[in-house]
Amino acid sequence: MRKVAIIGGQRIPFVKSFREYNRISNQEMLTACLSSLVRQFGLEGRRIGDVALGTLLNRSTEWNFARECVLGTTLDPHTPAYNVLRACGTSLDAAIQIGLRIAAGQIDTGIAGGSDTNSDLPIMFSQQFAWKIVALRAAKSFGERLKILASFRPKDLSPLYPSIVEPRTGLSMGQHTELMVKEWGITREQQDALAYDSHIHAAKAYEAGFFRDLVFAFKGVEKDTIVRPDTTPAKLAALKPAFDHSGKGTLTAGNSTIYTDGAAAILMASEEYAQRQNWPVLAYLIDAESAAVDYVHGEGLLMAPTYAVARMLKRRHLTLQDFDIYEIHEAFCGQVLCTLKAWEDADYCKKLGYDTPLGSIDRSKLNIKGGSVAIGHPFAATGARILAQTAKTLQERGGGRALVSICTAGGMGVTAILEH
């Protein structure tokens, strides 16, 4: 198996939904990221081995989304592409798939990425409305068409918006996380403290120029708009609960990710190909794992990464402490803290196949350039954002090992190990 190199990443600034990127499509955002990668690495007219892209909030008409994004660039049109979808882990999973093909020698280069926008939602109508439209199209006579038209009711025209509610529980991610933090005894103060760190770390990274070659200007926006360098613990403490209004809620708009628009993509290659092209390697993708939990029968919805990390550590003969950087996706600060506490719990770790707890991590190594709460979370783009950010951090520090962990809807998780 060949070594899989992460060469570089490009993303547009992440912005709060329904603002700067109103009426901008996923295809336009992600095509811009691909085009920026092409310019950065001189890929004009060149054929890439494969391109894996994804988006959660897509239309049925975008069935060939990835291929259309590629055709919108100056890459050789012989470059193939395909769609990937695993909720918030989409672009990390895309990178893992591309990495496996590179490692196996099937391709030398590949691109992985993702995009999501709440500002250009694929609004649908009810199933009853769709059935009637199909029947109307198939009608053979004027009488048949008239009968079908007479069957339409005002309620048939009620729009259906994409929902983040879990179909099998009827609860949103935030409501599920409220259950998790109560189970694990995570306080509001702990969640706010992690949110504060996320914003301060991101703000300092921007001040130091860390994002200069990772984020490019798009539609007049030059940097992420959600980062709040002026936030304080007092400001975070003043926010009201967003999901549990019983007086016991601890999740707020400040310690949870907000609706975000954005796109990101990364270029990957075999080590040998990178050397031939004189491409500097940011980091190597070493291993990956996915997992799921039975959240329908009581397990925490966003706890699947605990299983994935445990299996990956055992396979690599590593401990949880054998990392220089931890990049844990902050869907909610409470979810991150539940994960960390679970790894410290002896009884829980028995479910993960360990006789003793995995233990604690050095919190000074966690999301040191800012996490999703500060930077934003365009669902399918987050994995590519984290991979590029983590790989560059490893390269800047001159080496090391990083653990990447992303929880997803549906009670799943995707994790990876990077080294430089």
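Definitions and limits used
Residues numbered from 1 in each chain as written. Predicted model: local features only at pLDDT ≥ 70, side-chain atom pairs only at ≥ 80, totals over all residues. Heavy atoms only, no water. Helix = DSSP H or I, 4+ residues; strand = E, 2+ residues; numbered from the N terminus. Rg over C-alpha atoms; globule rule 2.2 N^0.38 Å. Buried < 20%, exposed > 50% of the residue type's maximum accessible area, 1.4 Å probe, protein only. Areas by Shrake-Rupley, 256 points an atom, 1.4 Å probe, with all protein chains shown as cover. Expected span 1.5 Å × (residues − 1). Core = buried A, V, L, I, M, F, W, Y, C linked by side-chain atoms within 4.5 Å. Contact = heavy atoms within 4.5 Å. Axes fitted to C-alpha atoms, helices over the stretch in contact; angles between N-to-C directions. Nonpolar A, V, L, I, M, F, W, Y, C, P; charged D, E, K, R; others polar. Parallel < 35°, antiparallel > 145°, perpendicular 65-115°, else oblique. Left-handed = near helix turned anticlockwise from the far one by under 90°. Salt bridge = Lys/Arg side-chain N within 4 Å of Asp/Glu carboxyl O. Pairing = 2+ DSSP bridges. Disulfide = S-S within 2.5 Å. Phe/Tyr/Trp six-rings, centres within 6.5 Å; stacked < 30°, edge-to-face > 60°. Polar contact = N/O pair within 3.5 Å; in protein donor to acceptor, adjacent residues only side chain to side chain.

## Topic: the overall build of the chain
Okay, step 1: Helices and strands together make up the secondary structure of the chain, namely 14 helices and ten strands.
Okay, step 2: For the chain, whose C-alpha radius of gyration is 22 Å, the value lies close to the compact-globule estimate of 22 Å for 420 residues.
Okay, step 3: Taken along its principal axes, the extent of the C-alpha atoms in the chain is 75 × 60 × 45 Å.
Okay, step 4: The buried share of the chain, taken over its 420 residues, is 56%.
Okay, step 5: Carbon and sulfur atoms provide 53% of the accessible area of the chain, an area that totals close to 18000 Å².

## Overview of helix α10 (residues 304-316)
Okay, step 1: With 13 residues, α10 should reach 18 Å at 1.5 Å per residue; the first-to-last C-alpha distance of 19 Å fits that figure.
Okay, step 2: Here α10 has its buried residues at A304, P305, T306, Y307, A308, V309, A310, M312 and L313.
Okay, step 3: H317 sits one or two residues past α10 and shows a positive phi near 55 degrees.

## Notes on the nonpolar core
Okay, step 1: Membership of the largest hydrophobic core comes to 96 residues, with the highest contact counts inside it found for L320, L352, L358 and L418.
Okay, step 2: Those residues within four positions of L352 in sequence are excluded, and the remaining contacts are T306, Y307, A310, W343 and L358.

## Quick word on the packing of helix α3 (residues 90-103) against helix α14 (residues 382-396)
Okay, step 1: α14 packs onto α3 with a crossing angle of 65 degrees between their chain directions and a minimal axis gap of 5 Å. Mapping the contact onto sequence places S91, L92 and A95 in α3 and T382, G383, A384 and L387 in α14.
Okay, step 2: Of the residues in the contact of α3 with α14, the class split is four nonpolar, three polar and no charged.

## A short note on the packing of helix α6 (residues 173-184) against helix α11 (residues 333-343)
Okay, step 1: Where α6 meets α11, the closest approach of the two axes is 9 Å, and the angle between their N-to-C directions is 40 degrees. Classified by the angle their axes make, α6 and α11 are oblique. The interaxial crossing formed by α6 with α11 has left-handed handedness. Here α6 contributes T177, M180, V181 and W184 to the contact with α11, which in turn contributes G334, Q335, C338, K341 and A342.

## Quick look at the pattern of salt bridges
Okay, step 1: For the coordinates displayed, the defined rule picks out 21 salt bridges.
Okay, step 2: Residues D224 and R11 are paired through a salt bridge, measuring 2.7 Å at the closest nitrogen-oxygen approach. With D224 in the loop between α7 (188-207) and α8 (233-237) and R11 in strand β1 (residues 4-11), the pair connects residues that are 213 residues apart, well separated along the chain. In terms of burial, D224 and R11 fall into one category: buried.
Okay, step 3: Measuring nitrogen to oxygen at the nearest pair gives 2.7 Å for the salt bridge that ties R86 to D93.
Okay, step 4: Shared partners join several salt bridges into a network, and the residues in it are D287, E289, R311, R315 and R316.

## Quick word on the pairing of β1
Okay, step 1: Where burial is concerned, most of β1 is hidden: eight out of the eight residues are buried.
Okay, step 2: Here β1 pairs with strand β7 (residues 283-292) via three bridges, running antiparallel. If you follow I6 over to β7, its bridge partner there is A283.
Okay, step 3: Here seven bridges tie β1 to strand β6 (residues 260-270), and the two strands are oriented antiparallel to one another. Across the sheet, Q10 pairs through a bridge with A265, a residue of β6.

## Details of the side chain of H176
Okay, step 1: Its place among the elements puts H176 in helix α6.
Okay, step 2: Setting aside its immediate chain neighbours within four residues, H176 contacts E166, T169, L171, Y295 and L301.

## Quick notes on the environment of L282
Okay, step 1: With respect to the helices, strands and loops of the structure, L282 is situated in the loop between α9 (271-276) and β7.
Okay, step 2: Placed 28 residues apart in sequence, L282 and A310 show a C-alpha to C-alpha distance of 26 Å.
Okay, step 3: Setting aside residues no more than four positions away along its own chain, L282 makes contact with I6, I7, G8, A391, K392, L394, Q395 and H420.

## With respect to the environment of K132
Okay, step 1: The topology assignment puts K132 in helix α4 (residues 127-138).
Okay, step 2: Of the residues examined, K132 reaches a relative accessible area of 15% and is grouped as buried.
Okay, step 3: Excluding residues within four positions of it along the chain, K132 makes contact with I148, S151, F152, R153 and D156.

## Side note on the environment of L146
Okay, step 1: Mapped onto the fold, L146 is located in helix α5 (residues 142-150).
Okay, step 2: Classification of L146 as partly exposed rests on a relative accessible area of 48%.
Okay, step 3: Distance in space between the C-alpha atoms of L146 and L136 is 8.8 Å, their sequence separation being ten residues.

## Comments concerning α11
Okay, step 1: Across the eleven residues of α11, ten count as buried, placing the element largely inside the fold.
Okay, step 2: Every buried residue of α11 is accounted for by C333, G334, Q335, V336, L337, C338, T339, L340, A342 and W343.

## Quick word on the state of the cysteines
Okay, step 1: This model, assessed by the stated rule, comprises zero disulfides.
Okay, step 2: Just so you know, C69 is unpaired, no disulfide at all, and the nearest cysteine sulfur is the one on C33, 9.4 Å from it.

## What to know about the packing of aromatic side chains
Okay, step 1: Using the criterion set out here, one finds eleven aromatic pairs in the structure.
Okay, step 2: Relative to F218, the ring of Y21 lies with its centre 5.3 Å away and its plane at 80 degrees, an arrangement referred to as edge-to-face. Highlighted residues: Y21 in the loop between β2 (15-16) and α1 (26-41) and F218 in the loop between α7 and α8, separated in sequence by 197 residues. Residue Y21 shares its accessibility class with F218, and that shared class is buried.
Okay, step 3: An angle of 80 degrees between the planes, with centres 5.9 Å apart, marks the rings of F243 and F332 as edge-to-face.

## Here we look at the side chain of T260
Okay, step 1: Here T260 is to be found in strand β6.
Okay, step 2: A polar side-chain atom of T260 sits 2.7 Å from the main-chain carbonyl oxygen of I258.
Okay, step 3: If sequence neighbours within four positions are ignored, T260 has contacts with F14, V15, S17, D116, N118, I226, G376, H377 and P378.

Scope: geometric values only; no functional claims are made or implied.
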